[in-house]
Amino acid sequence: MPPTTSQARRDRIVRLATTTGLASVEELSQLFDVTPSTIRRDLARLTTEGRLARTYGGAMALSAHPEASLRQRTGEAYEEKRAIAQWAARQVEPGETLLLDAGTTVGALAHELRSAKELTIATTGLTALHALADADGVQVDCLGGTLRPLSQGFVGPLTEAALEHLSFDRVFLGADGVTVDRGICEAELRQTRLKELMARRADRVYVLAHGAKLGRAPFHAWAKLRKEWTLVTDASAPAAEIRAFEASGVRVEIAPPAGT
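Residues numbered from 1 in each chain as written. Predicted model: local features only at pLDDT ≥ 70, side-chain atom pairs only at ≥ 80, totals over all residues. Heavy atoms only, no water.

*Asks:* Quick question: what am I supposed to make of helix 6 (residues 104-112) here?
*Replies:* Since the α-helix advances by 3.6 residues per turn, residues separated by three or four positions end up pointing in the same direction. Within helix 6, seven of the nine residues are buried, leaving the element largely enclosed by the surrounding structure. Of the positions making up helix 6, those classed as buried are T104, T105, V106, G107, A108, L109 and A110. (Buried < 20%, exposed > 50% of the residue type's maximum accessible area, 1.4 Å probe, protein only. Helix = DSSP H or I, 4+ residues; strand = E, 2+ residues; numbered from the N terminus.)

*Asks:* Help me understand the packing of helix 5 (residues 78-91) against helix 6 in this model?
*Replies:* Helix-helix packing is described using two parameters, namely the angle between the two axes and the distance between the axes. For the pair helix 5 and helix 6, interaxial distance at closest approach is 8 Å and the crossing angle is 50°. With respect to their mutual orientation, helix 5 and helix 6 come out oblique. Seen along the crossing, helix 5 lies across helix 6 with a hand that is right-handed. Residues K81, R82, I84, A85, Q86, A88 and A89 of helix 5 touch helix 6, and the partners they reach there are T104, T105, A108, L109 and E112. (Axes fitted to C-alpha atoms, helices over the stretch in contact; angles between N-to-C directions. Parallel < 35°, antiparallel > 145°, perpendicular 65-115°, else oblique. Left-handed = near helix turned anticlockwise from the far one by under 90°. Contact = heavy atoms within 4.5 Å.)

*Asks:* Help me understand the side chain of T123, please; the structure alone is not making it clear to me.
*Replies:* With respect to the helices, strands and loops of the structure, T123 is situated in strand 5 (residues 119-123). On the basis of relative accessible area, T123 is assigned to the buried category, the value being 0%. Not counting residues within four places of it along the chain, the set of residues in contact with T123 comprises L99, L100, D101, A128, L129, D141, C142 and L143.

*Asks:* Is there a simple way to explain the pattern of salt bridges in this structure?
*Replies:* Two side chains carrying opposite charge are able to pair once their charged atoms lie near each other. Summed over all chains, the structure comprises eleven salt bridges. Between R10 and D42 there is a salt bridge, with the nearest N and O atoms lying 3.3 Å from each other. Pair noted here: R10 is in helix 1 (residues 6-20) and D42 is in helix 3 (residues 36-48), with a separation of 32 residues, a long-range link. Each of the two residues, R10 as well as D42, counts as buried. Note that R148 and E188 form a salt bridge whose closest N and O atoms lie 3.3 Å from each other. In this pair, R148 sits in strand 7 (residues 146-148) while E188 sits in the loop between strand 11 (183-186) and helix 9 (189-200), placing the two residues 40 residues apart along the sequence. Since its relative accessible area comes to 7%, R148 is described here as buried. (Salt bridge = Lys/Arg side-chain N within 4 Å of Asp/Glu carboxyl O.)

*Asks:* Help me out: how do you make sense of the pairing of strand 11 in this one?
*Replies:* The side chains of a regular strand alternate between both faces of the sheet. Here strand 10 (residues 177-179) pairs with strand 11 via three bridges, running antiparallel. Note on strand 11: the bridge partner recorded for T179 is G183. Linking strand 10 to strand 11, which pair antiparallel, is a turn of three residues. The pairing of strand 11 with strand 13 (residues 221-223) spans three bridges and is classified as antiparallel. Across the sheet, C185 pairs through a bridge with W222, a residue of strand 13. (Pairing = 2+ DSSP bridges.)

*Asks:* Got a minute to help me understand the packing of helix 2 (residues 25-32) against helix 3 in this structure?
*Replies:* At a minimum axis distance of 9 Å, the contact between helix 2 and helix 3 shows a crossing angle of 110°. Taken together, helix 2 and helix 3 sit at an angle that is classed as roughly perpendicular. Crossing angle aside, the handedness with which helix 2 passes helix 3 is right-handed. Judged by residue contacts, V25, L28, S29 and F32 of helix 2 engage P36, I39, R40 and L43 from helix 3.

*Asks:* Sorry, what's going on with unusual backbone geometry here?
*Replies:* Among all residues except glycine, the phi angle is most often negative; among peptide bonds, the trans geometry is most common. Of note, the phi angle at D33 is positive, near 55°, even though the residue is not glycine. With respect to the element layout, D33 can be found in the loop between helix 2 and helix 3. Look at E118: it is not a glycine, yet its phi comes out positive at around 60°.

*Asks:* How should the sheet that holds strand 12 (residues 202-208) be read in this particular structure?
*Replies:* Hydrogen bonds along the backbone pair up the strands of a sheet, which may run parallel or antiparallel. One open sheet accounts for seven strands, arranged 6-5-4-9-12-14-15; its pairing is parallel. Because the sheet does not close on itself, it has two edges, and the strands there are strand 6 (138-142) and strand 15 (251-255). Across the sheet, the mean angle separating the axes of adjacent strands is 25° when strand polarity is ignored. Inspection of the sheet shows strand 4 (residues 97-100) paired to strand 5 by four bridges, in the parallel sense. Paired with T97 across the two strands is T120, which belongs to strand 5.

*Asks:* Would you mind showing me how to read the sheet that holds strand 11 here?
*Replies:* Read from one edge of the open sheet, three strands run 10-11-13, paired in antiparallel fashion. Edge positions in the sheet fall to strand 10 and strand 13, since each has one partner strand and no second. For this sheet, the mean angle separating the axes of adjacent strands, direction not counted, is 30°.

Functional significance is not addressed by these values, which are geometric in nature.
In structure tokens form, the structure reads like this:
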């Protein structure tokens, strides 16, 4: 990358640590084309300034990526989420039984399915419930449980128990981040456990994640991304990330722009 000032480099290090969860000396040295000792001095200064916390071999953001509320996330990447939702809606056949996760991208899919006929849709998310509440051609089942206010989704043993009595043609999962080596990232283990259980109850599994979420690891709870699942993203996704997922054996679908 082109030369940059020391301050600009340190500012970008903070942004990277906040976005990806961890900044290592070796990776930062290669990224900025400077020596590891230069990066260590940068990290030491950022730690002194209270902008990062040092770890063995690197640094991480001081706040462990505070989880944004669903309300805060609703307006983010609106067109990208809409494109993914429209692609996903086109996969659904009349008469199918679907399972929808919580989250804004899956909520956008629920909105696209409002005019569908002869569907049964179960969901763990209030966004999907609100979108489908007055949809005449859709039978809506709510998988209750403990409500997480931030994600507006139900989790916990009651939700898991309800799943044991159901099966689905397709399940559509959301994600806070998706990486090649670790899979689906979420804020807590109840969410990742639930996603794994949801996937086991469906014939086809789709993970809906717009381009900015690929390669992102904001939290420390994970669900494995299995090769038989389909990762659905949009045209903003970095080509290098898409190649990496495909090389690992994961099927990737890139949704065309909304309305096309």
